[in-house]
Amino acid sequence: MNLGERVRDDFPLLHRTINGKRLVYLDSAATSQKPRVVLDALMEYYHDYNANVHRGIYRIAEEATARYEESRAKLAAFLGAARREEIVFTRGTTEAVNLVAATWGRANVGPGDEIVLTIMEHHSNIVPWQLLAAEKGARLRYIPVTDEGRLDLSALDGLLTERTKLVSLTHQSNVLGTVNPVRLIADRAHAMGAKVLVDGAQSVPHQAVNVQALGVDFLAFSGHKMLGPTGSGGLWARYDLLEAMPPYHGGGEMIMLVTLERSTYKDPPHKFEAGTPNIADSIVLGVAADYLRGIGFDAITAHERDLTAYALERLRTVPGLTIVGPAEPVDRGGAISFTMDVVHPHDIAQVLDQEAMAIRAGHHCAQPLHRRFNIAATARASLHLYNTREEIDALVDGLHAVHRMFTRSPHPV
Ligand code: PLP
């Protein structure tokens, strides 16, 4: 029995039927399904020790605080952080990138400075920098993408200059599946004196990510894509950077002392966690990390690589289908985007939905990347540890049916 078959029973939602058919969930790049341990831990929090953190001195408040900080420690270990205080809980990748732009960015980026991004970024790693650049008079530059869907590293020499303050790039593309050579780019950026942020939204759930090995300064990640609850996630940053950064939001629990004129702030990470945090979901994110670690990334990555290779091979049999992104299962993950001659991606998704298959259609929050390939939209199937070869077969059969439907019928649905 392979990993997908072995873990499926852990995920109650994967047993749902739609139109009398078993759900085939192929949209994990958008959000992942949750194992029962995660659902149970969420219920346990509200059932047994729901209380605010870092405030009360009574039993359940102390339990909630201990579990919240334990989860931070688990995530620090999960990512190879030097200390647990390097993890700031956020609502996810988007908030983590915005936090860095609004704090480190405002303090360190000035007129004429440059921020280097890539064409394959999710909007959440473009728009915050556009806002900062507009405010500061800085300039955004972009590493191009090759026809195969990889970063064109030959452009790096021209893009990285003494004006570069930050390189911010995705570890794994949510559209192309491409895994980028972060270490190589980080070393080049550091040699020019720039800092490096990596968007780990699509890598942290699927491969062992170690921030020391990546050699970056900031890493943003989303809990809901790594089997955890929505609204959870975080920012890892080197402690010296967090210490030097001004606060993000102002409010309760991030302060040491408040007078009517001014305030002083707590040490990181609390300086960046104003107000009542997302206690339950942040605690449960640690449970999701434990679950992933329990299975082990050697097994997860191997299984997903096998499935991706199988999917890429089988998709080639569908007439008129073009994969947008690396067509070989090398340095790529299980987000597989494609177009089909004569069928709009939304039609593909709609027809497959009738067969209880969930895939995504659209620009996947990466409009510049789609523009680069002269397309408005793609259909995307994206995999996680719980998917199986049978589900890939169902997808491919479904796509053959879509092709037949749109090429034979004079009145396609
Ligand atoms: N970056 C990438 C590569 C993503 O795929 C996503 C979500 O799809 C994000 C950032 C944004 O993550 P979130 O919506 O969890 O903040």
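Residues numbered from 1 in each chain as written. Predicted model: local features only at pLDDT ≥ 70, side-chain atom pairs only at ≥ 80, totals over all residues. Heavy atoms only, no water.

Visitor: Which residues make up the sheet that holds strand β14 (residues 335–340), and what values do they have?
Guide: Strand pairs in the sheet, formed through backbone hydrogen bonds, run parallel or antiparallel to each other. Pairing within the open sheet is antiparallel, and its 4 strands lie in the order β13-β14-β17-β16. Where the open sheet ends on each side, the last strands, each with one partner, are β13 (321–324) and β16 (360–362). Shown here is a sheet whose adjacent strand axes are inclined to one another by a mean of 30°, direction ignored. With 3 bridges connecting them, β16 and strand β17 (residues 378–382) associate as antiparallel partners. Bridge assignment links Gly362 to a residue of β17, and that residue is Thr378. Contacts from helix α12 (residues 345–354) reach β14, β16 and β17, with the element oriented near 160° to β16. Sheet strands touched by helix α14 (residues 389–408): β13, β14 and β17. Its angle to β14, the strand with the most contacts, is close to 15°. (Pairing = 2+ DSSP bridges. Helix = DSSP H or I, 4+ residues; strand = E, 2+ residues; numbered from the N terminus. Axes fitted to C-alpha atoms, helices over the stretch in contact; angles between N-to-C directions. Contact = heavy atoms within 4.5 Å.)

Visitor: Mind laying out the sheet that holds strand β7 (residues 164–170), listing which residues take part and the relevant values?
Guide: Across the sheet, which stays open at both edges, the 7 strands sit in the order β4-β10-β9-β8-β7-β5-β6 with mixed pairing between neighbours. Each edge of the open sheet carries a strand with a single partner, namely β4 (87–89) and β6 (139–143). On average, adjacent strands in this sheet sit at an angle of 20° to one another, irrespective of strand direction. Sitting on the sheet, helix α5 (residues 127–136) is in contact with β5 (114–118), β6, β7 and β8 (195–199), with an inclination near 145° to β6.

Visitor: Describe the pattern of salt bridges, naming the residues involved and giving the relevant values.
Guide: Scanning the model with the defined rule gives 26 salt bridges in all. Asp113 is the salt-bridge partner of Lys165, the closest N and O atoms lying 3.2 Å from each other. Of the two residues, Lys165 is situated in strand β7 and Asp113 in the loop between α4 (93–108) and β5; the sequence distance between them amounts to 52 residues. Residues Lys266 and Glu253 are paired through a salt bridge, measuring 3.0 Å at the closest nitrogen-oxygen approach. Highlighted residues: Lys266 in the loop between β12 (263–265) and α10 (279–295) and Glu253 in the loop between α9 (239–244) and β11 (255–258), separated in sequence by 13 residues. (Salt bridge = Lys/Arg side-chain N within 4 Å of Asp/Glu carboxyl O.)

Visitor: Could you give an account of α14, naming the residues involved and the relevant values?
Guide: Between the first and last C-alpha of α14 there are 28 Å, a value that for 20 residues agrees with the 28 Å anticipated at 1.5 Å per step. Considered for burial, the residues of α14 that qualify are Glu391, Ile392, Leu395, Val396, Gly398, Leu399, Val402, His403 and Phe406. The arc enclosing the buried residues of α14, seen along the axis, measures out at 160°, which places them on a common side. (Expected span 1.5 Å × (residues − 1). Buried < 20%, exposed > 50% of the residue type's maximum accessible area, 1.4 Å probe, protein only. Arc of directions from axis to C-beta.)

Visitor: Run through empty space enclosed by the protein, naming residues and quoting values.
Guide: Taken as a whole, this structure holds 2 cavities of 30 Å³ or more when the rule is applied. The calculated volume of the largest cavity comes to roughly 50 Å³. Taken together, Val53, His54, Arg55, Glu253, His270, Glu273, Gly275 and Pro277 form the lining of the largest cavity. Considered class by class, the residues forming the lining of the largest cavity number 2 nonpolar, 3 polar and 3 charged. The space that makes up the second largest cavity amounts to roughly 40 Å³. If you go around the second largest cavity, the residues you meet are Ala29, Gln172, Gln202, His206, Gly334, Ala335, Ser382 and Leu383. By residue class, the composition of the lining of the second largest cavity is 3 nonpolar, 5 polar and no charged. (1 Å grid on protein atoms, 1.4 Å probe; cavity = no way out; pocket = protein on both sides within 12 Å on 5 of 7 lines; lining within 4 Å. Points joined across faces, edges and corners; volume = space filled by probe spheres on them. Nonpolar A, V, L, I, M, F, W, Y, C, P; charged D, E, K, R; others polar.)

Visitor: Go over the layout of surface pockets, please, and point to the residues and values.
Guide: One number sums up the size of the largest pocket: a volume of about 340 Å³. Taken together, 23 residues form the lining of the largest pocket, with Thr94, His122, Ser124, Ser222 and Lys225 sitting closest to its centre. The element that contributes the greatest number of residues to the lining of the largest pocket is α4, accounting for 3 residues. Counted by class, the lining of the largest pocket contains 4 nonpolar, 13 polar and 6 charged residues. Approximately 270 Å³ is the volume found for the second largest pocket. Along the walls of the second largest pocket sit 16 residues, with Val179, Gln207, Thr301, Arg332 and Gly333 positioned nearest its centre. Tallied by class, the residues present in the lining of the second largest pocket amount to 4 nonpolar, 8 polar and 4 charged.

Visitor: Can you lay out the site of the ligand for me, pointing to particular residues and giving the numbers?
Guide: Looking at the ligand, there are 13 residues lining it, with Thr94, Asp199, Gln202, Ser222 and Lys225 nearest. Here Thr94 contributes a side-chain N or O atom positioned 2.5 Å from an oxygen atom of the ligand. Here His122 contributes a side-chain N or O atom positioned 3.4 Å from an oxygen atom of the ligand. Burial of the ligand by the protein amounts to 85% of the accessible area it has alone, namely 400 Å². For the ligand, the cavity whose grid points lie within 2 Å of the majority of its atoms is the largest pocket. Classifying every residue of the shell around the ligand by side-chain character gives 2 nonpolar, 9 polar and 2 charged. (Near = heavy atom within 4 Å. Polar contact = N/O pair within 3.5 Å; in protein donor to acceptor, adjacent residues only side chain to side chain. Areas by Shrake-Rupley, 256 points an atom, 1.4 Å probe, with all protein chains shown as cover. Sits in = over half its atoms within 2 Å of the grid points.)

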